[in-house]
Amino acid sequence: MSRSPSIPDRPHRDIDPDLPDDERLEALRGHLQDLVDVNEQLSEQLEEADERRERLRDRVDRVERENETLKSSSLYIATVEDVLEDEEVIVKQHGNNQEVLTDVSPRIVEEVEPGDRVAVNDSFAIQTVLSTETDARAQSMEITEKPTVTYADIGGIDEQVREVREAVEQPLAEPELFDEVGIEPPSGVLLYGPPGTGKTMLAKAVANETDATFIKMAGSELVRKFIGEGSRLVRDLFEMARERQPAIIFIDEIDAIATRRTESKTSGDAEVQRTMMQLLSEMDGFEARGEVRIIAATNRFDMLDRAILRPGRFDRLIEVPNPDRDGREQILEIHTRGMNVADEVDFADLADDTEDYSGAEIESLATEAGMFAIRNDRNEVTHQDFVDALEKIEKDDSSDVISSAGYFYQ
Ligand SMILES: Nc1ncnc2c1ncn2[C@@H]1O[C@H](COP(=O)(O)OP(=O)(O)OP(=O)(O)O)[C@@H](O)[C@H]1O
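What you are looking at is a predicted structure, and each value in this text was computed from that prediction instead of being measured. (Residues numbered from 1 in each chain as written. Predicted model: local features only at pLDDT ≥ 70, side-chain atom pairs only at ≥ 80, totals over all residues. Heavy atoms only, no water.)

**Q** What is the right way to look at the packing of helix 9 (residues 325-336) against helix 11 (residues 359-375) in this model?
**A** Packed helices, taken two at a time, are described by the angle their axes make and the gap between the axes. One can describe the packing of helix 9 onto helix 11 by two numbers: an axis separation of 9 Å at closest approach and a directional angle of 45°. Relative to helix 11, the element helix 9 lies oblique. Judged by the twist between their axes, the crossing of helix 9 over helix 11 is right-handed. Counting all contacts with helix 9, which are made through Arg 328, Ile 331, Leu 332, His 335 and Thr 336, the residues of helix 11 involved are Gly 359, Ile 362, Glu 363, Leu 365 and Ala 366. Taken together, the residues of the contact of helix 9 with helix 11 sort by class into 5 nonpolar, 3 polar and 2 charged. (Axes fitted to C-alpha atoms, helices over the stretch in contact; angles between N-to-C directions. Helix = DSSP H or I, 4+ residues; strand = E, 2+ residues; numbered from the N terminus. Parallel < 35°, antiparallel > 145°, perpendicular 65-115°, else oblique. Left-handed = near helix turned anticlockwise from the far one by under 90°. Contact = heavy atoms within 4.5 Å. Nonpolar A, V, L, I, M, F, W, Y, C, P; charged D, E, K, R; others polar.)

Written out as structure tokens, the structure is:
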């Protein structure tokens, strides 16, 4: 680094006050010139200092950016095995189970305890303490001992209900049937179709019918920040299901971890791929006639990696479409069961007017009609309330998401 230039001395001249005027004027001119020279030197130095400051600022920016990159580069997950003296700990890496003696920064040493999950960098130094495993499990899984949804709550998809019962319920309820015939039940069932058509309901209804624990995980929850975390969650998911069997594992939005590979090979992609491989390997090592069944759902069937559809994996595909006219009428009846609906309400007519509506949209139509009744100080819902609700929903739709059906799902 260049040294700072020295500051010029302040110019000084002794001018004898007794000098004749012209000589004193000359001396003063000389003094003024000295001052002008020093001023110039100082200005130059100031300019140089400004340039140096600019250069330093650039360097700080660069270092800060590097620091950010370092901070955001991939970290690995490990579990703390033991905390020793002198800020040393033994961690076991997830994935390869390698044990490593490493340091903890004094900043977080107080927080680290055996059993904690931590994020370590390439040199195994602990960077952060992660939330505890039970927290992570609880946060990302929805566990219901016995869901209340029944087949009677599902309208318009009778054929799909039949197929799901055969592929999921029967192997749980009557495994001996499969033993006797000598066939393996389907490994996994994939429900695909537009949003809000009853895929989640179907999975819940099977759990209800078979007294199984319903364990739901969204595929997007499995896409995690740290290397190894997604596959760890997949293992947790299956472990949880085994602990609570009979159980139905329901993975919604499976496309989040099972999208066809794209050209880009970023580390994020590789991590998602690893999570999917973990899911496949859990399924491969899975007792087909056992007490854990797996159902996945997607709105984006066309984007799925075909590897998950091979035999022994999601080998039973069930399309759950938007309901047809009769289906819509049935769903309307289901969702108005608990409502005070006037006798004159014509569900068949409403079913005609709700083409392309999903089950979820029909449910909102019923709620919206109820709101119109309340707004008009009535406790009975009339046909006109449904017509007004339809109009409102259509108006909202045209300015917003055009029927959610068909948007992702073509
Ligand atoms: N076939 C149906 N019969 C009765 N109600 C339905 C039906 N389909 C959807 N619904 C209503 O819509 C709500 C949402 O449905 P559900 O969560 O099962 O849809 P999904 O297909 O899983 O949607 P997504 O793909 O968005 O997860 C349900 O709680 C239910 O009230």
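Now that the structure is up, let's keep going.
**Q** Teacher, can you tell me more about a nonpolar patch on the surface here?
**A** A cluster of nonpolar side chains, Leu 32, Leu 35 and Val 36, forms an exposed patch at the surface whose accessible area comes to about 250 Å². Within the fold, Leu 32 resides in helix 1 (residues 21-72). Accessibility expressed as a relative area gives 52% for Leu 32, which makes it exposed. (Patch = residues over 30% accessible without salt bridge, like charges linked within 9 Å, V, L, I, M, F, W, Y side chains within 5 Å. Areas by Shrake-Rupley, 256 points an atom, 1.4 Å probe, with all protein chains shown as cover. Salt bridge = Lys/Arg side-chain N within 4 Å of Asp/Glu carboxyl O. Buried < 20%, exposed > 50% of the residue type's maximum accessible area, 1.4 Å probe, protein only.)

**Q** Honestly, the sheet that holds strand 6 (residues 141-144) in this entry has me stumped. Any pointers?
**A** Neighbouring strands of a sheet are bound in pairs by backbone hydrogen bonds; such pairs are parallel or else antiparallel. Strands sit in the order 6-8-9-10-7-11 across an open sheet of 6 strands; the sheet is mixed. Strand pairing shows two members of the sheet lacking a second neighbour, strand 6 and strand 11 (314-319), which therefore form its edges. Neighbour-to-neighbour, the strand axes of this sheet turn through a mean angle of 20°, independent of strand direction. Bridge count for strand 7 (residues 188-192) against strand 11 is 5 bridges, and the pairing is parallel. Among the inter-strand pairings, Gly 188 is bridged to a residue of strand 11, identified as Phe 314. Contacts from helix 3 (residues 158-173) reach strand 7, strand 9 (247-252), strand 10 (292-298) and strand 11 within the one sheet, and its direction differs from that of strand 11 by about 150°. Relative to the sheet, helix 5 (residues 199-209) contacts strand 6, strand 7, strand 8 (213-218), strand 9 and strand 10, its axis offset from that of strand 9 by approximately 170°. (Pairing = 2+ DSSP bridges.)

**Q** So what exactly am I meant to see when it comes to the site of the ligand here?
**A** Close to the ligand lie 17 residues; Gly 196, Lys 199, Thr 200, His 335 and Glu 363 are nearest. With respect to the ligand, the side chain of Asp 252 contributes an N or O atom lying 3.4 Å from an oxygen atom. Between Glu 363 and the ligand, the recorded distance is 2.6 Å, taken from a side-chain N or O atom to an oxygen atom. Starting from 620 Å² of accessible surface for the ligand in isolation, the protein chains cover 81%. Counting only elements with at least two residues in the shell around the ligand, the list comes to helix 5, helix 9 and helix 11. Grouping the constituent residues of the shell around the ligand by class yields 5 nonpolar, 8 polar and 4 charged. Two domains each put at least three residues into the shell around the ligand: domain 3 (136-319) and domain 4 (325-399). (Near = heavy atom within 4 Å. Polar contact = N/O pair within 3.5 Å; in protein donor to acceptor, adjacent residues only side chain to side chain. Domains from an automatic or database assignment.)

Purely geometric stuff here, so don't read any function into it on its own.
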